Each structure stands twice: as structure tokens, then as C-alpha cells.
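Structural characterization, general
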Amino acid sequence: MRLYGIPSEERALEIAQNIKEGEWVLEDLKENRKQELSPEKAREVFKELINRVKEWKEKSAMLTKHSIFIFVDNPQNPSAIKVYDTSSLGCGTSLLPERWRLYRKELEGKFGDS
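Residues numbered from 1 in each chain as written. Predicted model: local features only at pLDDT ≥ 70, side-chain atom pairs only at ≥ 80, totals over all residues. Heavy atoms only, no water.

A closer look at the overall build of the protein chain
- Within the protein chain, the secondary structure is distributed over two helices and six strands.
- Ordered by position from N to C terminus, the α and β elements of the protein chain give β-α-β-β-α-β-β-β.
- Over its C-alpha trace the protein chain gives a radius of gyration of 13 Å, about what one expects of a compact globule, namely 13 Å for 114 residues.
- Expressed as lengths along the three principal axes of its C-alpha atoms, the size of the protein chain is roughly 40 × 25 × 25 Å. (Helix = DSSP H or I, 4+ residues; strand = E, 2+ residues; numbered from the N terminus. Rg over C-alpha atoms; globule rule 2.2 N^0.38 Å.)

If you want it as C-alpha cells, here you go:
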């Protein structure tokens, strides 16, 4: 599955509004936690993650406003989202591992290290 980097948190907030249906899963890979969410809760959690990224950029002189931490499969109808944290920096050309995965439940087991 191909994911596209979102160039700004403002754009990511627009994409969050497109989470409208289906059951969602949030995985926190650092804390090894997984939970199922309604579309409304998925939208709310995604907005919280976006705001967290925004805060990192505002507080860290090492991060530019063009640093990309959020990736999505389809901005108009998202079903898979990965959000990286600052621990992913310094990993060379790879951002692995991501911190959070937010995806439609039907992708469970299919969406991961792709």
C-alpha cells in the first residue's frame, strides 16, 4: 500500500475531516497498545496526533515546518495513516519505525510495514 507524505499539519487537519465511516484501529507501536475506534473517535485521535506533531515543530529548532511525520493512503477517503515521532529521526533514509498506525479495521493484518 502506498502512503503519501502530508506536507503540513493544516492539510492533515483537512484530511481528518474525511474520516467518516467504518470501524478504525489505532496502534501505538511504542507502547504496544491497540484499540478499536469509531470514525468520530478516530478523527479526534488523529487530530490529537496532528497537534502533537505541530507542537514538536514549534518547540524544536532542529525541525523545519516542512518535516513530514504524517502519511496517508488517500487524502479524500483515508483508510490507512501512519504517524512518525521524533525518535524516527536520525534513521538515515528510512523513517522506520513509525509510532502510530490508524487504519480501517478491514485492513487489520494487511497494513503494517508496507
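What to know about the side chain of Arg101
- Following the sequence through the fold, Arg101 ends up in strand β6 (residues 100–104).
- Since its relative accessible area comes to 10%, Arg101 is described here as buried.
- Polar side-chain contacts of Arg101 include one of 2.5 Å to the side chain of Glu98. (Buried < 20%, exposed > 50% of the residue type's maximum accessible area, 1.4 Å probe, protein only. Polar contact = N/O pair within 3.5 Å; in protein donor to acceptor, adjacent residues only side chain to side chain.)

Considerations on helix α1 (residues 9–16)
- All of the buried residues along α1 are Glu9, Ala12, Ile15 and Ala16. Taken around the axis of α1, the buried residues stretch over an arc of 105°, which confines them to a single face.
- Against α2 (39–59) and β4 (70–72) lie the buried residues of α1. (Arc of directions from axis to C-beta. Contact = heavy atoms within 4.5 Å.)

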